Amino acid sequence: MTGTGDAGRGPVKSAERTVQIMEVLAAAPERLTLGRLQELTGYPRSSLYALLRTLVALKWIEVEEGGEAAGFGIGPRALLCGTAYLDRDPALPYAVRQIEQLRTDVGYTTHYARLDGTNVIYLATREATDSRRLTSRVGRQLPAHATALGKALLSELTAREVDALLSEQPLEALTPHTVTRRPALREELEQTRTRGWALESEQNTPGLCCVAATVSYRIPATDAISCSIPLDHATDQEVERVAEAVTRHAAELAGTLRRNGIR
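Attention here is on the structure that accompanies the text. Along each chain, numbering runs from 1 in the same order as the chain's sequence is written. Confidence filtering applies because this is a predicted model: local features only for residues at pLDDT of at least 70, side-chain atom pairs given and counted only at 80 or more, and all residues used for totals across whole chains, interfaces and linings. The basis for every side-chain value is the complete set of non-hydrogen atoms in the structure, without hydrogens or water.

**Digging into the overall build of the protein chain**
Scanning the protein chain from N- to C-terminus turns up 9 helices and 8 strands. Between the two quantities, the radius of gyration covers C-alpha atoms and the globule rule is 2.2 Å times the number of residues to the power 0.38. In terms of overall size, the protein chain behaves like a compact globule, its C-alpha atoms giving a radius of gyration of 20 Å where 263 residues would be expected to give roughly 18 Å. In this scheme, a residue with accessible area under 20% of its type's maximum is buried, one over 50% is exposed, and one in between is partly exposed, where area comes from a 1.4 Å probe on protein chains only. A total of 263 residues make up the protein chain; the buried ones form 41% of that total. Throughout, a residue-residue contact means that at least one pair of heavy atoms, one from each residue, lies within 4.5 Å. Residue pairs at least 24 apart in sequence account for 57% of intrachain contacts in the protein chain once pairs closer than 6 positions are excluded. Of the roughly 14,700 Å² of accessible surface on the protein chain, a fraction of 52% belongs to carbon and sulfur atoms. His is not counted, nor are the chain ends; Lys and Arg add positive charge and Asp and Glu add negative charge. Where a charge lies is defined by one atom per residue type, namely NZ (Lys), CZ (Arg), CG (Asp) and CD (Glu). Counting 31 positive and 33 negative side-chain charges, the protein chain places the centres of these two groups 5 Å from one another. Strands here are runs of E lasting at least two residues and helices are runs of H or I lasting at least four, both read from the DSSP assignment and numbered beginning at the N terminus. Accessible surface is estimated by sampling points in the Shrake-Rupley manner with a 1.4 Å probe; for residues, cover comes only from the protein chains shown.

**Quick word on the pairing of strand S8 (residues 223–230)**
Working note: regular strand, side chains alternate between the two faces of the sheet. In terms of burial, S8 is a largely internal element, 7 of the 8 residues being buried. Judged from the 6 bridges that link them, strand S3 (residues 109–116) and S8 form a sheet pairing that is antiparallel. Within S8, the residue paired with Thr110 across the bridge is Cys227. Criterion used throughout: strands pair if DSSP finds at least two bridges between them. With 8 bridges joining them, strand S7 (residues 208–215) and S8 adopt antiparallel strand pairing. For Val211, the partnering residue across the bridge sits in S8 and is Cys227.

**Here we look at the environment of Val24**
For Val24, the location among the structural elements is in helix H1 (residues 13–27). Put simply, Val24 and Glu202 are 178 residues apart on the chain and 25 Å apart in space, counted from C-alpha to C-alpha. Excluding residues that lie within four positions of it along the chain, Val24 makes contacts with Leu32, Leu37, Leu40 and Thr41.

**With respect to unusual backbone geometry**
Residue Ile219 is joined to Pro220 through a cis peptide bond whose omega torsion reads -10°. With respect to the element layout, Pro220 can be found in the loop between S7 and S8. A positive phi angle is found at Lys59, which is not glycine, with a value near 70°. Structurally, Lys59 can be placed in the loop between helix H3 (45–57) and strand S1 (61–64). With a relative accessible area of 49%, Lys59 lands in the partly exposed category. Backbone geometry places Glu202, a non-glycine residue, at a positive phi of 55°. Note that Glu202 resides in the loop between strand S6 (198–201) and S7. On the basis of relative accessibility, which here comes to 17%, the residue Glu202 falls in the buried class.

**Observations regarding the nonpolar core**
Residues belong to one nonpolar core when they are buried, are Ala, Val, Leu, Ile, Met, Phe, Trp, Tyr or Cys, and are joined through side-chain atoms within 4.5 Å. Ranked by internal contacts, the top residues of the largest apolar core, which has 30 residues, are Tyr112, Val215 and Ile225. The element contributing the most residues to this core is helix H9 (residues 236–259), with 9 residues. Val120, Leu154, Leu166 and Val179 belong to the second-largest nonpolar core, a separate cluster that totals 22 residues.

**Side note on the pattern of salt bridges**
Where side chains of opposite charge bring their charged atoms close, a pairing between them can arise. A pair is scored as a salt bridge if a Lys or Arg side-chain nitrogen falls within 4 Å of a carboxyl oxygen belonging to Asp or Glu. All told, the structure shown has 11 salt bridges when counted by the stated rule. Among the ionic pairs, Arg248 bridges to Asp105, the shortest N-O distance being 3.7 Å. Taken as a pair, Arg248 in helix H9 and Asp105 in helix H5 (residues 92–106) lie far apart in primary sequence, 143 residues in all. Judged by relative accessible area, Arg248 falls into the partly exposed class, the value being 32%. Overall, Asp105 belongs to the partly exposed group, its relative accessible area being 38%. With its nearest N and O atoms 2.8 Å apart, the salt bridge here joins Arg114 to Asp223. You can see Arg114 sitting in strand S3 and its partner Asp223 sitting in strand S8, a full 109 residues away along the chain. Arg114 sits in the buried class, given a relative accessible area of 11%. By relative accessible area, which is 0% here, Asp223 ends up buried. Taken together, the shared-partner salt bridges in this structure form one network comprising Asp89, Arg114 and Asp223.

Take a look at the structure:
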């Protein structure tokens with residue numbers, strides 16, 4: 001691409017602001033007012049409102065009218081882009097079949113996710129038949145350090161690579177049990193490397209522990225599968241049983257993807 005001025009030298013300010021607005025709205029559990037969006041983004045009120053008005057007109061975001069209390073949220077166009085990503089992922093159909101088989105084997109909710117920077121993004125979930133979860137995690141992201149999926153994928157990296165990825169940012173606490181001290185995280189990652197699977201207990205969801213293993217069709221692995229176990233079922237023996245199933249299905253899926261030329 002060619003152009004003048006700052007073209008090609010860095011992000012275009014209006015595009016960068018638009019993306020951040022979408023990400024802030026996507027991460028929020030409820031609609032946000034103009035004032036709250038300004039607090040979270042730091043953008044001038046006039047330019048922020050102009051961007052919001054444009055995004056509403058294009059249906060990328062929706063607004064619930066209410067004067068100064070009007071609430072902005074993600075719109076249908078964003079959903080279309082998200083589903084297009086899932087529809088075009090060549091690994092996903094195989095992964096969905098595999099986590100369905102894993103769910104049958106263990107009886108618990110199973111997940112397939114991908115590392116994206118310092119987070120994991122959930123690409124597929126198959127709920128246990130007795131699950132009471134009302135919302136799917138598909139399309140959602142969580143900090144890698146707070147999930148078994150993320151710990152499994154971080155363990156593929158060297159300690160230096162993990163430090164560079166997480167940089168100096170504080171490790172967010174999602175629950176009182178989340179590991180937020182770097183030495184403790186390094187210890188957990190080393191344990192994961194040694195046993196070949198990751199474990200976390202109530203670090204992102206109270207009442208659940210989770211076992212995960214990488215799907216090693218890429219080096220280092222970018223994807224992983226996991227199983228969530230209600231804490232009152234998570235005896236040492238049950239965790240070992242689930243871990244064996246998770247690692248076996250992860251290895252089967254990796255082999256399937258490699259045989260089908262998916263990289």
